[in-house]
Amino acid sequence: MADKKSLSDLGELTSQAVTPPAPTPAPTSAESNAAPSADAASDEAPSAPVNVQPEAPLREQQLDKQGRAYATGRRKDAIARVWLKPGSGKIVINGREQEVYFARPTLRLVINQPFDVADRREQYDVVATVVGGGLSGQAGAVKHGIAQALTRYEPALRGVVKQAGFLTRDPRVVERKKYGRAKARRSFQFSKR
């Protein structure tokens, strides 16, 4: 039982690890008159050890033979394969420009969110192929794929993109239909007789 450490021993353990500060020279008479309370306050308050977390090491850049970053994005039933390379900001989805494929401005806004967060708008060309789902799910899948590919091309941007939540696959999918009901939760119309 004597070899076990408890929380009450934590103060002793941390004080052993921290080296005492070097002695400061005695203040002259002019310095002692100028700020006696500041020195006294700093001497009385014990200095708490500062917990500095080491930054996560940067991941390696993952590029293919053509110098592109590849990633897969998913949302609902849609799956997007995304290739990203430096360029003028041209985004091509299934062989068509983004303005043609995603005619709604909100969908184009969605797929450009990772670039806006990372301040990389119109600096990368994107080629994507998307299958499955509807337009909204496909836009979400392309956004997820662009975010993943961006962090593979520039690993330093991972923290910013992750903080915005773009690297996480959105788990929300359509709820299944149940027997005895019209839809997932909708009941059949009630008939009294």
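See the structure shown above.
Below you will find a few notes about this structure. The numbering scheme is per chain: residues are counted from 1 as the chain's sequence reads. This being a predicted model, a pLDDT of at least 70 is required before a residue's local features are given, and a value of 80 or more before pairs of side-chain atoms are given or counted; all residues contribute to the totals for chains, interfaces and linings. In computing side-chain properties, one takes all heavy atoms of the structure into account and sets aside hydrogens as well as water.

### Considerations on the environment of E60
Test applied: Helix and strand labels come from DSSP, where a helix needs a run of H or I of at least four residues and a strand needs a run of E of at least two; each type is numbered from the N terminus. Note on classification: 1.4 Å probe, protein chains only; a residue is buried when its accessible area is under 20% of the maximum for its type, exposed when over 50%, partly exposed between these limits.
Along the chain, the position of E60 falls in the loop between α3 (36-44) and β1 (69-75). Here E60 falls in the exposed class, since its relative accessible area comes to 68%. The spacing of E60 and T151 is 91 residues in sequence and 9.8 Å in space, taken between C-alpha atoms.

### Observations regarding helix α5 (residues 105-117)
Threshold: A helix is expected to span 1.5 Å for every residue after the first. Two axes define the bend at a residue: one fitted to the seven residues ending there, one fitted to the seven starting there, and the bend is the angle between them. In what follows, a contact means two residues having at least one pair of non-hydrogen atoms within 4.5 Å.
Between its first and last C-alpha, α5 extends 18 Å over 13 residues, near the 18 Å set by a 1.5 Å rise per residue. Along its length, α5 reaches its greatest deviation from straightness, about 40°, at I111, and the proline P114 lies no more than four positions downstream. Among all positions of α5, only L107, I111, N112, P114 and F115 are buried. Taken together, the buried residues of α5 touch β2 (78-86), β3 (91-93), α4 (98-101), β5 (124-131) and α6 (135-153). Of the residues one or two after α5, D119 is the one with positive phi, at around 55°.

### So, the packing of aromatic side chains
The line we're drawing: Two rings from Phe, Tyr or Trp (for Trp, the six-membered ring) form a pair when their centres are within 6.5 Å of each other. A pair whose planes differ by under 30 degrees is stacked, one over 60 is edge-to-face, and the rest are tilted.
In this structure the tally under the stated criterion is four aromatic pairs. Between Y101 and F102, the ring centres sit 5.1 Å apart and the planes meet at 90°, which makes this aromatic pair edge-to-face. Comparing Y101 with F102, the two get one shared label, buried. Where F115 meets Y124, the ring centres are 6.4 Å apart and the plane angle is 15°; that geometry is what we call stacked. Of the aromatic side chains, those joined through ring pairs into one cluster are F115, Y124 and Y153.

What is shown is where atoms sit, not what they do.
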